[in-house]
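What follows is the residue order along each chain.
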Amino acid sequence: QHYFIQSNLSMGCQAVIAGAIRAILFGLNFCTLLAGGVLLGCGAYVKISIKDFIGDVQDAQALSTVAYFLIGLGCVVVVMSLVGCLGACLQNQHLLACYFILMLLLLLLEIAIGILYAIKKKTIEDEIEDYVKDAIEDGDSQSEEMQLVYQVQSMLQCCGYDGPSDYSILGVPSSCCEGQPAVCTTLTAYQTGCKTKIEQFIDSQSVLVIIVVAAVILLEITTMLAACYLRHRELQDIDQVISDPPYSI
């Protein structure tokens, strides 16, 4: 009798744990489902609104690529979340196994993207810096490239490629000074060149991205372990029913 009481308590604890894990898995995937819906909405909004805000064909194509990427990512997230929610609710071992495989593929993809970014980080920095340097050296203050440089200078609070002395021919633009006054000189301009500021900005953003990605990967591993546990639990229940049917004589 003592054995049966202990066995029932153990089974009851396992059932409570499985229920809690199932609820957590469902909650996480429901939140992810909402996030996927937001991504889909953002992608659709960007796609629909392109013609209202962008006139240049190349810019429109670039934004279209971003829109399609958001829509595609949103669809992937929605499908994975639905599989996770249904697997947790229906306690279906096949759905849970499918969810685990999808999460594993996503995890491997994220790791591959992280490695690729680490390899290409210096190349990205060099391309941005060359873009700024070439625009300043061209000396066309009305060009689209130079207008973008002005925005970078205002956002990062920098001036020129190496410093305000780069504008000895053009004259220091107002974006090099705080508040963008009508008159900006080499004395009142930001003294740090955009080359240094761009490197600092990319480094700071890289740290933020690493923290966010690490948190996401930890969350994904948690959901994968939860799916594994629930699938193992369902297989145990199936084996128990087969080996000890409730109406056996």
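Here the structure is a predicted model, which is why all the values come from computation and not from measurement.

**A closer look at the overall build of the protein**
- Along its length, the protein carries 5 helices and 0 strands.
- Reading the helices (α) and strands (β) of the protein from amino to carboxyl end gives α-α-α-α-α.
- Looking at the protein as a whole, 28% of its 249 residues qualify as buried.
- Taking the contacts inside the protein whose residues are at least 6 apart along the sequence as the reference set, 64% of them involve residues at least 24 apart.
- With the model as given, the accessible surface of the protein reaches about 16,000 Å², and the carbon-plus-sulfur share is 68%.

**Details of the layout of surface pockets**
- Space inside the largest pocket adds up to approximately 480 Å³.
- As for the largest pocket, its lining consists of 15 residues, and the residues nearest its centre are Glu110, Ile113, Gly114, Val209 and Val213.
- Of all the elements in the fold, those that place two or more residues in the lining of the largest pocket are helix H3 (93-138) and helix H5 (194-243).
- The element that contributes the greatest number of residues to the lining of the largest pocket is H5, accounting for 9 residues.
- The class makeup of the residues in the lining of the largest pocket is 11 nonpolar, 3 polar and 1 charged.
- Put simply, the second largest pocket is a space of about 330 Å³.
- Along its surface, the second largest pocket is lined by 18 residues, and Thr32, Val77, Leu106, Val216 and Glu220 are the ones closest to its centre.
- Of all the elements in the fold, those that place two or more residues in the lining of the second largest pocket are helix H1 (2-53), helix H2 (57-90), H3 and H5.

**Overview of the state of the cysteines**
- Within the structure shown, the criterion is met by 3 disulfides.
- With its sulfur 2.1 Å from that of its partner, Cys158 forms a disulfide with Cys194. Across the S-S bond of Cys158 and Cys194 the torsion is about 85°, and the bridge reads as right-handed. One end of the pair, Cys158, is in the loop between helix H4 (144-156) and H5; the other, Cys194, is in helix H5, with 36 residues separating them in the sequence. In this structure, Cys158 and Cys194 share a single accessibility class: buried.
- Through a disulfide, Cys159 is tied to Cys176; the S-S separation comes to 2.2 Å. Taking the sign of the S-S torsion, about 90° here, the bridge from Cys159 to Cys176 comes out right-handed. Of this pair, Cys159 sits in the loop between H4 and H5 while Cys176 sits in the loop between H4 and H5, placing them 17 residues apart in sequence. Of the two residues, Cys159 and Cys176, neither departs from the other in class, the shared state being buried.
- Here the cysteine-cysteine linkages of the protein are recorded as 1-6, 2-3, 4-5, numbering only bonded cysteines and doing so in sequence order.

**A few points about unusual backbone geometry**
- One non-glycine residue, Gln157, lies in positive phi territory at about 55°.
- Structurally, the position occupied by Gln157 is in the loop between H4 and H5.
- For Gln180, which is not glycine, the phi dihedral falls at a positive 50°.
- Along the polypeptide, Gln180 turns up in the loop between H4 and H5.
- Overall, Gln180 belongs to the partly exposed group, its relative accessible area being 43%.

**Observations concerning the environment of Ala67**
- Checked against the element boundaries, Ala67 lands in helix H2.
- Distance from Ala67 to Lys47, taken between C-alpha atoms, is 5.5 Å for residues 20 residues apart in sequence.

**Re the confidence of the model for the protein**
- Per-residue confidence for the protein gives a mean pLDDT of 75, with 79% of residues at or over 70.
- Mean pLDDT in the protein bottoms out at H1, which sits at 69, and peaks at H4, which reaches 84.
- Contacts for the low-pLDDT stretch residues 1-6, under 50 throughout, to residues beyond four places or in other chains number 0 contacts.
- pLDDT under 50 marks residues 53-59. Its contacts with residues more than four places away, or in other chains, come to 4 contacts.

**Observations concerning the side chain of Ser81**
- Structurally, Ser81 is set in helix H2.
- Ignoring any residue separated from it by four or fewer positions in sequence, one finds Ser81 in contact with Asn29, Thr32 and Leu33.

**Quick look at a nonpolar patch on the surface**
- Side chains of Ile101, Leu104, Leu105, Leu108, Ile111, Ile115 and Ile119 sit close together on the surface and give an oily, nonpolar patch of about 650 Å² of accessible area.
- With respect to the secondary-structure elements, Ile119 resides in helix H3.

Scoring rules and cut-offs
- Residues numbered from 1 in each chain as written.
- Predicted model: local features only at pLDDT ≥ 70, side-chain atom pairs only at ≥ 80, totals over all residues.
- Heavy atoms only, no water.
- Helix = DSSP H or I, 4+ residues; strand = E, 2+ residues; numbered from the N terminus.
- Buried < 20%, exposed > 50% of the residue type's maximum accessible area, 1.4 Å probe, protein only.
- Contact = heavy atoms within 4.5 Å.
- Areas by Shrake-Rupley, 256 points an atom, 1.4 Å probe, with all protein chains shown as cover.
- 1 Å grid on protein atoms, 1.4 Å probe; cavity = no way out; pocket = protein on both sides within 12 Å on 5 of 7 lines; lining within 4 Å.
- Points joined across faces, edges and corners; volume = space filled by probe spheres on them.
- Nonpolar A, V, L, I, M, F, W, Y, C, P; charged D, E, K, R; others polar.
- Disulfide = S-S within 2.5 Å.
- pLDDT = per-residue confidence, 0-100.
- Patch = residues over 30% accessible without salt bridge, like charges linked within 9 Å, V, L, I, M, F, W, Y side chains within 5 Å.
- Salt bridge = Lys/Arg side-chain N within 4 Å of Asp/Glu carboxyl O.

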